[in-house]
Amino acid sequence: MNAHVFPGQGAQFVGMGLDLYEKYPIAQEMFAQANDILGFSITDIMFEGTAEDLKQTKVTQPAIFLHSVILSKVMGDDFKPDSVAGHSLGEFSALVANGTLSFENGVQLVSRRAMAMQKACELKPGTMAVVLGLDDAAVEKTCAEISGIVVPANYNCPGQLVISGEVDAINEACVKLKEAGARRAMALPVGGAFHSPLMEPAGEELAAAIEETTFSDPRCPIYQNVSTTAVSHPSEIKKNLIAQLTAPVKWTQSIRNMSKDGTSKFIEVGPGKVLQGLIKKIAPDVETFAAET
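Residues numbered from 1 in each chain as written. Predicted model: local features only at pLDDT ≥ 70, side-chain atom pairs only at ≥ 80, totals over all residues. Heavy atoms only, no water.

1. Some points on the pattern of salt bridges
For step 1, the next point in the chain: Using the criterion set out here, one finds four salt bridges in the structure.
For step 2, the next point in the chain: Across the salt bridge formed by Lys55 and Glu52, the nearest N and O atoms sit 3.9 Å from each other. Each member of the pair, Lys55 as well as Glu52, carries the same accessibility label: exposed.
For step 3, the next point in the chain: A salt bridge links Glu212 to Arg112; the shortest N-O distance between them is 3.3 Å. In this pair, Glu212 sits in the loop between α10 (200-211) and β7 (222-223) while Arg112 sits in helix α7 (residues 103-123), placing the two residues 100 residues apart along the sequence.
For step 4, the next point in the chain: Among the residues examined, Glu212 registers a relative accessible area of 58% and is labelled exposed. (Salt bridge = Lys/Arg side-chain N within 4 Å of Asp/Glu carboxyl O. Buried < 20%, exposed > 50% of the residue type's maximum accessible area, 1.4 Å probe, protein only. Helix = DSSP H or I, 4+ residues; strand = E, 2+ residues; numbered from the N terminus.)

Following this line, the structure appears as structure tokens:
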């Protein structure tokens with residue numbers, strides 16, 4: 001079986017989506033619709049903006065979402081997944097691609113998510129750090145011993161876990177993780193403590209938006225970050241999507257479950273190749289590809 005997987009924040013690059021816009025009328029229509037929904041010309045920033053312009057949360061998340069969803073659309077008959085999954089933000093791309101969400105609702109939710117997360121970052125400043133070379137249990141144990149808020153946020157692949165929380169707690173955790181044998185424990189240049197309790201204000205705002213949005217029966221199951229298992233029921237998809245903002249992204253566990261359930265081919269749909277690299281470390285026997293138009 002094959003799965004199509006969608007990247008999250010950090011996959012953006014200058015000029016992203018321009019090739020799709022220039023080649024495909026349907027891409028032009030979808031980008032124009034997104035500009036109208038967002039209320040600003042995100043295409044100007046994606047196609048001609050600087051890396052600094054693309055870093056703005058209100059731009060980054062919709063830009064990656066649009067690139068991924070429009071790429072899945074122009075794939076045409078080649079887009080026939082048996083299942084889908086998305087890394088954090090990528091879960092919204094996956095839900096539009098598999099028919100759970102309409103494109104319009106997807107754009108609106110991603111925009112509201114980005115704005116809510118930005119507000120939460122300003123309300124409760126925090127940060128994240130990447131930890132390399134320690135097993136998950138050792139990282140979890142160290143986080144639990146810190147007095148401030150610091151939690152596992154992204155289980156990216158074996159030996160790579162991102163932690164999230166208050167700045168002082170993250171700094172203390174990095175020192176202790178190096179003492180515990182981590183090859184690296186280093187703060188990341190991010191705007192806040194994503195996938196941690198510090199995102200609770202954003203979670204409440206996004207929950208209200210998700211609850212009032214129509215979710216349809218998907219064309220194929222989605223393996224969600226929170227459950228790590230195949231989900232097909234709209235109400236369960238909603239519940240997991242709401243929990244995702246403050247819960248860890250269990251990418252390692254999701255890919256292992258997909259492989260165990262018979263997925264042998266993973267196709268990354270969106271900017272970059274980050275997910276392909278992570279998947280090969282999680283399940284070395286599977287095949288990985290980039291989506292082609």
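2. Regarding the packing of aromatic side chains
For step 1, the next point in the chain: Tallied over the full model, the rule gives five aromatic pairs.
For step 2, the next point in the chain: Judged by centre distance (6.1 Å) and plane angle (55°), the ring pair of Tyr21 and Phe31 falls under tilted. Remark: Phe31 occurs in helix α2 (residues 25-38) and Tyr21 occurs in helix α1 (residues 18-23); sequence separation between them is ten residues.
For step 3, the next point in the chain: Measuring from centroid to centroid gives 6.4 Å for Phe65 and Phe103, while their planes differ by 15°, and the two rings are stacked. With Phe65 in helix α5 (residues 57-74) and Phe103 in helix α7, this residue pair connects regions lying 38 residues apart in the sequence. Taken individually, Phe65 and Phe103 each receive the classification buried, so the pair is uniform in this respect.
For step 4, the next point in the chain: Counting every residue linked through ring pairs, the aromatic cluster contains Tyr21, Phe31 and Phe47. (Phe/Tyr/Trp six-rings, centres within 6.5 Å; stacked < 30°, edge-to-face > 60°.)

3. Observations concerning the environment of Ala243
For step 1, the next point in the chain: The residue Ala243 is located in helix α11 (residues 234-243) in this model.
For step 2, the next point in the chain: Its relative accessible area of 28% is what places Ala243 among the partly exposed residues.
For step 3, the next point in the chain: Separated by 184 residues in sequence, Ala243 and Val59 have C-alpha atoms that sit 23 Å apart.

4. Thoughts on the sheet that holds strand β8 (residues 230-231)
For step 1, the next point in the chain: One open sheet holds the six strands; their spatial order is β8-β7-β2-β1-β9-β10, and the pairing between them is mixed. Taken across any chain shown, the strands that pair with only one partner, and hence form the sheet edges, are β8 and β10 (287-290).
For step 2, the next point in the chain: As judged from the four bridges shared by strand β9 (residues 265-268) and β10, these two strands associate in the parallel manner. Across the sheet, the residue bridging to Lys265 is Glu287, located in β10.
For step 3, the next point in the chain: This element, helix α6 (residues 90-97), spans β1 (2-6), β2 (83-86) and β7 of the sheet and lies at about 155° to β2.
For step 4, the next point in the chain: Running over the sheet, helix α12 (residues 251-260) touches β1, β2, β7 and β9 and is turned about 170° from β2. (Pairing = 2+ DSSP bridges. Contact = heavy atoms within 4.5 Å. Axes fitted to C-alpha atoms, helices over the stretch in contact; angles between N-to-C directions.)

5. Some points on the environment of Ile222
For step 1, the next point in the chain: Within the secondary structure, Ile222 is located in strand β7.
For step 2, the next point in the chain: Assessed through its relative accessible area of 0%, Ile222 is described here as buried.
For step 3, the next point in the chain: A C-alpha to C-alpha distance of 14 Å links Ile222 and Pro7, two positions 215 residues apart in sequence.

6. Here we look at the pairing of β2
For step 1, the next point in the chain: Side chains of β2 alternate between two faces, with Ser83 and Ala85 and Val84 and Gly86 buried alike.
For step 2, the next point in the chain: Sheet topology places β1 next to β2; four bridges connect them, and they run parallel. Bridge pairing in β2 places Ala3 opposite Ser83.
For step 3, the next point in the chain: With two bridges joining them, β2 and β7 adopt parallel strand pairing. In the sheet register, Ala85 faces β7, and the bridge partner there is Tyr223.

7. Quick look at the packing of α12 against helix α13 (residues 274-282)
Any two packed helices are characterised by the angle at which their axes cross and by the distance between the axes.
For step 1, the next point in the chain: For the pair α12 and α13, interaxial distance at closest approach is 10 Å and the crossing angle is 65°. Here α12 is positioned roughly perpendicular relative to α13, judged by the angle of their axes. Like other packed secondary-structure pairs, α12 and α13 cross with a definite hand, here right-handed. In contact with Trp251, Thr252, Ile255 and Arg256 of α12, α13 contributes Leu275, Leu278, Ile279 and Ile282.
For step 2, the next point in the chain: Of the residues assigned to the contact of α12 with α13, the class counts are six nonpolar, one polar and one charged. (Parallel < 35°, antiparallel > 145°, perpendicular 65-115°, else oblique. Left-handed = near helix turned anticlockwise from the far one by under 90°. Nonpolar A, V, L, I, M, F, W, Y, C, P; charged D, E, K, R; others polar.)

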